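Listed below, chain by chain, are the residues.
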Amino acid sequence: MSRAVEASVEGDEQWLAEVTYEGPYEEEVRRSLLVLRHLTHADTGGIMAAPTTSLPEEIGGSRNWDYRYVWLRDSALTLEALVRAGYTRKVAAWRDWLVRAIAGDPSDMQIMYRVDAGRELPERELEHLPGYADSRPVRVGNGAVDQLQTDVLGEVMLALAQARAAGNPETDLSGALQVALVDHLADHWEQPDNGIWEIRGPLRHFTHSRAMVWAAMDIAIRGVEDGELPEGGDLQRWRRVREEVRAEIDRRGVGEKRGSFVQHYDTDEVDASLLLMPHLGFCTADDPRYVATVAAVEEDLLVDGLVLRYRTTSGVDGLDGDEHPFVLCTFWLVQAYAWMGRHDDARRLMETVLGLAGPLGLYAEELDASGEMLGNFPQAFSHLGLVMAAYELADPRPRGAE
């Protein structure tokens, strides 16, 4: 074994010694945490979504994207998984990266950056390359950088709140930045957006995005009231927005047909992101609307026991082609079952997904029941989902239960 390999193995072993998890699926949790470690840039603290570009979501199709960047959403969710696993010291590096990346007017915040916090990543197609399994185009850069994704700040606020709870107080810069970002969101929250899945069709009022606005306001208000975030924002306006968003979701984000939360206000379709509503603190897992949402996901989005993000046949995403079940969404359903007390269902689904892992225990973004991996690989979303699902199986604790 070369010295370089020995040093790498030794570093991984030392890093894994800090894992606090004890419970079922411990080997798989440790493997996934290693993936998250190696997707984190050692010098900058930026957390990549995946180290590859243009691996297709459908063989021969055109849903091929460049994931070699730092999405605020993906890295915030990764941070949640790392904090849950005991890596509280890792928060500072990412938080410092965040302050550098945004560095200025909150209105200039992007939803993604380069690992060095650079802002320029225009999407272009490399027409001279055939792509994996003749899946074209091969893309460099990602056009989603210019999208409006209103959910992102909520995910960032949730991750930083959990970091504070784990013993990481805010710096002057990070606290002031969050207050400024929440003030900006309070001015613009009513706009339709592209949503968590970076929809390239018409902008919509996505229920998940609205719930994340509510979560951002709720976390910021609690942070100021508890003295964890600095005063200086318009707290009364934050409270008013929090009430307005909840009232809007109650009125427009619940479908008349099934009584479930809906993907956006103009449809009865569901979306797997709605499975997170208790985690955001918006509702409890026994809320009739949430119970109906889980039933609708089971009815509409399960394919061979695995979970789609949404039904592409609705045309909501404005793209040609189809996609396969999404690994992260399947782990979200595991969590939902755990929160609802459906422990047997949760374990069965968890073991189904674990049985489809690659030979090294790795996951792409999507997979099918045969175990074929699709999309970029390995995917932070998939591995953070595994970690969080294992923790919820061992100790279910959604924010909505507080």
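Read on for an overview of the structure. This one's a predicted model, so the numbers in the text were calculated from it and none came from an experiment.

The rules behind each value
- Residues numbered from 1 in each chain as written.
- Predicted model: local features only at pLDDT ≥ 70, side-chain atom pairs only at ≥ 80, totals over all residues.
- Heavy atoms only, no water.
- Core = buried A, V, L, I, M, F, W, Y, C linked by side-chain atoms within 4.5 Å.
- Buried < 20%, exposed > 50% of the residue type's maximum accessible area, 1.4 Å probe, protein only.
- Contact = heavy atoms within 4.5 Å.
- Helix = DSSP H or I, 4+ residues; strand = E, 2+ residues; numbered from the N terminus.
- Expected span 1.5 Å × (residues − 1).
- Arc of directions from axis to C-beta.
- Salt bridge = Lys/Arg side-chain N within 4 Å of Asp/Glu carboxyl O.

### What to know about the nonpolar core
- Leu33 and Met350 are the most contacted members of the largest nonpolar core, which has 131 residues in total.
- When near neighbours in sequence (up to four residues on either side) are disregarded, Leu33 contacts Trp15, Val19, Ala81, Leu82, Ala85, Tyr87 and Val387.

### Some points on helix H4 (residues 90–102)
- Between its terminal C-alpha atoms H4 stretches 19 Å, which fits the 18 Å expected from 13 residues at 1.5 Å a residue.
- For H4, the set of buried residues is Val91, Trp94, Arg95, Trp97, Leu98, Ala101 and Ile102. Seen end-on, H4 carries its buried residues on one side only, within an arc spanning 155°.
- Elements that come into contact with the buried residues of H4 comprise strand S1 (70–71), helix H3 (72–84), strand S2 (112–113), helix H5 (152–165) and helix H6 (172–188).
- Within two residues after H4, Ala103 carries a phi angle of roughly 35°, on the positive side.

### Notes on the pattern of salt bridges
- In the structure shown here, the tally under the stated rule is 35 salt bridges.
- Here Asp187 makes a salt bridge to Arg237, at a shortest N to O gap of 2.1 Å. Linking Asp187 in helix H6 with Arg237 in helix H8 (residues 235–252), this pair joins segments that are 50 residues apart in sequence.
- A relative accessible area of 48% places Asp187 in the partly exposed class.
- Residue class for Arg237 comes out buried when judged on its relative accessible area of 16%.

### A few points about unusual backbone geometry
- Residue Pro137 is reached from Arg136 by a cis peptide bond, and omega for that bond is 5°.
- One can find Pro137 in the loop between strand S3 (124–125) and strand S4 (139–140).
- Cis geometry marks the peptide bond from Phe377 to Pro378; its omega dihedral reads -15°.
- The residue Ala117 is not glycine, and still its phi comes out positive at about 75°.

### Observations regarding H8
- Look at H8: 26 Å from first C-alpha to last across 18 residues, which is about the 26 Å you get at 1.5 Å a residue.
- Buried within H8 we find Arg237, Trp238, Val241, Val245, Glu248 and Ile249. Along the axis of H8, the buried positions cluster into a sector of 100°, meaning they face one direction only. Of the exposed residues in H8, the ones pointing more than 90 degrees away from its buried face are Gln236, Glu243 and Arg251.

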